[in-house]
Amino acid sequence: MHNGKLIILTGPSGVGKGTLLRSLRQRHPELYLSISATTRTPRSGEVDGQEYYFVSRDRFLEMVENGELLEWAEFAGNYYGTPRVSIERQLDRGEWVILEIELEGARQVRRCFPDALSIFVLPPSLEELERRLRGRNGDSESAIERRLQHAREEIAASDEFDVRVVNNDFDRALQQLEETVFSDSVTSR
Ligand code: 5GP
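Quantities reported herein were computed from a predicted structural model and do not represent experimental measurements. (Residues numbered from 1 in each chain as written. Predicted model: local features only at pLDDT ≥ 70, side-chain atom pairs only at ≥ 80, totals over all residues. Heavy atoms only, no water.)

## A word on the overall build of the protein
Part 1: Counting its secondary structure elements, the protein contains seven helices and nine strands.
Part 2: In summary, the protein has a C-alpha radius of gyration of 16 Å against a globular reference of 16 Å for 189 residues, a match within 12%.
Part 3: Its C-alpha atoms give the protein principal-axis dimensions of roughly 45 × 40 × 30 Å.
Part 4: Here the protein holds 189 residues, and 47% of them are scored as buried.
Part 5: In the protein, 71% of the contacts between residues at least 6 apart in sequence involve partners at least 24 apart.
Part 6: Accessible surface computed for the protein: about 9600 Å², of which carbon and sulfur atoms make up 45%. (Helix = DSSP H or I, 4+ residues; strand = E, 2+ residues; numbered from the N terminus. Rg over C-alpha atoms; globule rule 2.2 N^0.38 Å. Buried < 20%, exposed > 50% of the residue type's maximum accessible area, 1.4 Å probe, protein only. Contact = heavy atoms within 4.5 Å. Areas by Shrake-Rupley, 256 points an atom, 1.4 Å probe, with all protein chains shown as cover.)

Structure (structure tokens):
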């Protein structure tokens, strides 16, 4: 039995989920942001154990095999997954935990935690999303193409989520996210 609150934040790669969450966390340092494991190569400036745990494919598959991940998915040629133990520990302590994950992972988590609050962040348009993806360091053309293809599929599924936030004006999107997270209507057990 968990006493905390589990929040799932999903939305296409490049939509600004990470920036929104960093700002939300600055305002509310008590929120626990899960750190995922991934087989993707670090982008410049990314630090192991901070943005992600960067692991080999073998290590990732071992984690899957050992049941160490709450959910996992392949995204644009790499694996991503949420370490189970730290999340369960935080929830047992009554903490509020936020997972920033893609669509397939979000669906898996909702099956285990049907009361989790799920939020989908939308871009103002696909053109704007493409511009943001291209403005980011370190992704190859093929990676950008794959991310755009995923984006179309994810956006088509956005109405599966409890709340949708459009990240057009950043401050407004942040405010909406904050209000959604702190509305006391959904508690995960
Ligand atoms: P990026 O490579 O841009 O950091 O992340 C690519 C996508 O993977 C993003 O949509 C991000 O939300 C998602 N992602 C990050 N961590 C996880 C995770 O642990 N599980 C799943 N399913 N997706 C994740």
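Anyway, onward from the coordinates.
## With respect to the site of the ligand
Part 1: Looking at the ligand, there are 19 residues lining it, with Ser36, Arg40, Tyr52, Tyr80 and Glu102 nearest.
Part 2: In the environment of the ligand, an oxygen atom lies 3.0 Å from a nitrogen or oxygen atom belonging to the side chain of Arg43.
Part 3: Its free accessible area being 510 Å², the ligand has 96% of it covered by the protein chains.
Part 4: Of the pockets mapped on this structure, the ligand occupies the largest pocket. (Near = heavy atom within 4 Å. Polar contact = N/O pair within 3.5 Å; in protein donor to acceptor, adjacent residues only side chain to side chain. 1 Å grid on protein atoms, 1.4 Å probe; cavity = no way out; pocket = protein on both sides within 12 Å on 5 of 7 lines; lining within 4 Å. Sits in = over half its atoms within 2 Å of the grid points.)

## Points about the sheet that holds strand β4 (residues 52–54)
Part 1: With mixed pairing, the four strands of this open sheet are ordered in space as β4-β3-β6-β5. Pairing within the sheet leaves two strands with one partner each, and these edge strands are β4 and β5 (69–75). Strand-to-strand twist of the sheet, defined as the mean angle between neighbouring strand axes without regard to direction, takes the value 25°.
Part 2: Of the pairings in the sheet, the one linking β5 to strand β6 (residues 78–83) comprises six bridges and is antiparallel in character. Each residue of the ladder has a partner; that of Phe75, found in β6, is Asn78.
Part 3: With respect to the sheet, helix α3 (residues 84–92) is in contact with β5 and β6, its orientation differing from that of β6 by roughly 30°. (Pairing = 2+ DSSP bridges. Axes fitted to C-alpha atoms, helices over the stretch in contact; angles between N-to-C directions.)

## Quick notes on the sheet that holds strand β1 (residues 5–10)
Part 1: Spatial strand order, β2-β7-β1-β8-β9: five strands in an open sheet with parallel pairing. Strands with a single pairing partner mark the edges of an open sheet, and in this sheet they are β2 (32–33) and β9 (163–166).
Part 2: As judged from the two bridges shared by β2 and strand β7 (residues 96–100), these two strands associate in the parallel manner. Bridging across to β7, Tyr32 finds its partner in Val97.
Part 3: Seen against the sheet, helix α1 (residues 17–27) touches β1, β2, β7 and β8 (117–122) and runs at an angle of roughly 160° to β7.

## Things to note about unusual backbone geometry
Part 1: Not every positive phi belongs to a glycine, and Ala76 is a case in point at roughly 50°.
Part 2: Relative to the helices and strands, Ala76 is located in the loop between β5 and β6.

## Things to note about the pattern of salt bridges
Any two side chains of opposite charge can pair, given that their charged atoms come close.
Part 1: Scanning the model with the defined rule gives 17 salt bridges in all.
Part 2: Among the ionic pairs, Glu62 bridges to Arg59, the shortest N-O distance being 2.7 Å. Of this pair, Glu62 and Arg59 both sit in helix α2 (residues 57–65), separated by three residues, roughly a single helical turn.
Part 3: Glu62 sits in the partly exposed class, given a relative accessible area of 41%.
Part 4: For Arg59, a relative accessible area of 30% translates into the label partly exposed.
Part 5: Here Glu104 and Arg107 are joined by a salt bridge, their closest N and O atoms 2.9 Å apart. Residue Glu104 and its partner Arg107 are located together in helix α4 (residues 103–112), separated by three residues, close to a single helical turn. (Salt bridge = Lys/Arg side-chain N within 4 Å of Asp/Glu carboxyl O.)

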